[in-house]
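# Analysis of the macromolecular model
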Amino acid sequence: MSAQCEVTARKAAGQSMSLFERYLSLWVALCILAGIGLGHMSPSLFEGIGRMEVAHVNLPVALLIWLMIIPMLLKIDFGALHEVGQHWRGIGVTLFVNWAVKPFSMAAFGAIFIYGLFAQWLPADQLDSYVAGLIILAAAPCTAMVFVWSRLTGGEPHFTLTQVALNDVIMVFAFAPIVGLLLGLSAIIVPWDTLLLSVVLYIVVPVGVAQTGRWLLQKRGGESGLNDVLKVLQPLSLIALLLTLVLLFGFQGEPIIQQPLIIALLAVPILFQVYFNAGLAYWLSRRFGVAHCVAGPAALIGASNFFELAVAAAISLFGLHSGAALATVVGVLVEVPVMLSVVAIVNRTRGWYERGDSVDPP
């Protein structure tokens, strides 16, 4: 193990996910059941919420999504971008997988499974929408949860922060073109005005608000003051996510009751996507001699998604009732267990990994 990774591993020892984070999939499952039940019992309530729109943006959902995203972005220090050169091999692997492979591989998996193998078991009028949701999910690299995954693998914290900050900057400019390109290739009509509005509403504005808030909090209370606020806001962010899921499944309840197999089928291409991209990033990191404490978070951010943004974009583009929104929510459902399995693989293969030529300096 390199000296760099040894120090990082000691710092990470004893750290774990919070109870809420560890059982996120359970809370998601309970919210799915609650949403389906409420939607079945009170359809008029959800119809009323669905009509609360301005320029095709549902206001209650937009508010909840801002409550999800902004606390996540408060963690990001864009000043860390000056450290990019310290881990250029790991950064290069991350950028290649996230922007040159991940969205395109998901489009391929979506075509194989949704249009091909599973088409007979899915509603024919929603096939395009499901594929669109999967593409949107893959085009948004993880922003917040990757800090948790990185910590669990003893990941180098400065590298993790740097790659997340760089991905967020790239996402401002690349998310809309990549989504538009892939939806066009999938023969799905792209509402460009809505797509660009989604980028502004759910990337540009939250980044601006979060960075302004971060600066003000640090100016007033320093790093400790910022951390105190983050501890308060983190549960609020997850609660907003869960309430959004209740709304989504309140609208999606009837189709799911009629075809409960849909969720399991949509999970399959997501699982293939996660393991393919995590494995590719991990293998490339080893080939290029990246230290294990950098390769771990490189593999993890290559596999996980910024599902808050994906949910928001899918709702804006295709609506609360759409298969696209449902596909992104399935991504939330499988996120925690599948990422914990990737964490376990990265940790258990450390010996194999470090028998390679690790050349990153300590």
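Structure first, text after, so check above.
Figured I'd write up the structure that's included with this text. (Residues numbered from 1 in each chain as written. Predicted model: local features only at pLDDT ≥ 70, side-chain atom pairs only at ≥ 80, totals over all residues. Heavy atoms only, no water.)

### A word on the overall build of the chain
Helices and strands together make up the secondary structure of the chain, namely 15 helices and two strands. Looking at the 362 residues of the chain, the share that counts as buried comes to 57%. Long-range pairs, those at least 24 residues apart, make up 86% of the contacts in the chain between residues at least 6 apart in sequence. As displayed, the chain has an accessible area near 14,700 Å², and 68% of this comes from carbon and sulfur atoms. (Helix = DSSP H or I, 4+ residues; strand = E, 2+ residues; numbered from the N terminus. Buried < 20%, exposed > 50% of the residue type's maximum accessible area, 1.4 Å probe, protein only. Contact = heavy atoms within 4.5 Å. Areas by Shrake-Rupley, 256 points an atom, 1.4 Å probe, with all protein chains shown as cover.)

### Some remarks on the packing of aromatic side chains
Enumeration over the complete set of coordinates arrives at eight aromatic pairs. When the centroid spacing of 5.9 Å and the interplanar angle of 50 degrees are considered together, the rings of Phe109 and Phe272 count as tilted. One end of the pair, Phe109, is in helix α6 (residues 88-117); the other, Phe272, is in helix α11 (residues 261-287), and 163 residues separate them in sequence. Exposure remark for Phe109: the relative accessible area of 15% places this residue in the buried category. Seen in terms of ring centroids, Trp352 and Tyr353 are 6.4 Å apart; in terms of plane orientation they differ by 70 degrees. Their pairing is edge-to-face. When its relative accessible area of 36% is taken as the criterion, Trp352 is described as partly exposed. Pairwise contacts between aromatic rings join Phe109, Phe113, Phe118, Trp121, Phe272 and Phe276 into one cluster. Cation over ring: Arg286 sits above Trp352, and NZ or CZ is 4.0 Å from the ring centre. (Phe/Tyr/Trp six-rings, centres within 6.5 Å; stacked < 30°, edge-to-face > 60°. Lys NZ or Arg CZ within 6 Å of the ring centre and 35° of its normal.)

### Digging into a nonpolar patch on the surface
A cluster of nonpolar side chains, namely Tyr23, Leu26, Leu30 and Leu33, defines an oily patch on the protein surface of about 400 Å² accessible area. Following the sequence through the fold, Tyr23 ends up in the loop between α2 (19-22) and α3 (24-41). (Patch = residues over 30% accessible without salt bridge, like charges linked within 9 Å, V, L, I, M, F, W, Y side chains within 5 Å. Salt bridge = Lys/Arg side-chain N within 4 Å of Asp/Glu carboxyl O.)

### Points about the environment of Leu67
Position of Leu67 relative to the elements: it lies in helix α5 (residues 59-74). Note: C-alpha distance between Leu67 and Ile239 (172 residues apart in sequence) is 8.9 Å. Leu67 has contacts with Leu236, Ser237 and Ala240, leaving out every residue within four places of it along the chain.

### Notes on the environment of Leu236
Position of Leu236 among the secondary structure elements: in helix α10 (residues 192-258). The exposure class assigned to Leu236 is partly exposed, which follows from its relative accessible area of 35%. Residues Leu236 and Leu67, spaced 169 residues apart in sequence, show a C-alpha to C-alpha distance of 7.1 Å.

### Here we look at the side chain of Ser129
Among the structural elements, Ser129 can be located in helix α7 (residues 127-138). With sequence-adjacent residues up to four places away left out, Ser129 is seen in contact with Phe318, Ser322, Gly323 and Ala324.

### Details of the nonpolar core
Core analysis: the largest hydrophobic core is formed by 125 residues, its most contacted members being Phe175, Leu245 and Leu248. If one sorts the elements of this core by residue count, α10 sits on top with 19 residues. (Core = buried A, V, L, I, M, F, W, Y, C linked by side-chain atoms within 4.5 Å.)

### Describing the packing of α7 against helix α9 (residues 157-185)
At their nearest, the axes of α7 and α9 sit 10 Å apart, and the two run at 150 degrees to each other. When the interaxial angle is binned, α7 and α9 end up roughly antiparallel. The handedness of the crossing between α7 and α9 comes out as right-handed. On the side of α7, the interface is formed by Ala132, Ile135 and Ile136, while α9 contributes Phe175, Val179, Leu182 and Leu183. Residues belonging to the contact of α7 with α9 are distributed by class as follows: seven nonpolar, no polar and no charged. (Axes fitted to C-alpha atoms, helices over the stretch in contact; angles between N-to-C directions. Parallel < 35°, antiparallel > 145°, perpendicular 65-115°, else oblique. Left-handed = near helix turned anticlockwise from the far one by under 90°. Nonpolar A, V, L, I, M, F, W, Y, C, P; charged D, E, K, R; others polar.)

### Here's the deal with helix α13 (residues 307-318)
The end-to-end C-alpha distance of α13, which contains twelve residues, comes to 16 Å, matching closely the 16 Å that a straight helix rising 1.5 Å per residue would cover. Burial analysis of α13 places eleven of its twelve residues in the buried class, which makes it a mostly covered element. Of the positions making up α13, those classed as buried are Phe307, Glu308, Leu309, Ala310, Val311, Ala312, Ala313, Ala314, Ile315, Ser316 and Leu317. Among the residues trailing α13, Gly319 stands out with phi positive, at a value near 100 degrees. (Expected span 1.5 Å × (residues − 1).)

### Side note on the side chain of Ser105
By the secondary structure assignment, Ser105 is in helix α6. In this structure Ser105 comes out as buried when scored by relative accessible area, which is 10%. Here Gln273 takes part through its side chain, which lies 2.8 Å from a polar atom of the side chain of Ser105. Those residues in contact with Ser105 that lie beyond four places of it in its chain are Gln273, Phe276 and Asn277. (Polar contact = N/O pair within 3.5 Å; in protein donor to acceptor, adjacent residues only side chain to side chain.)

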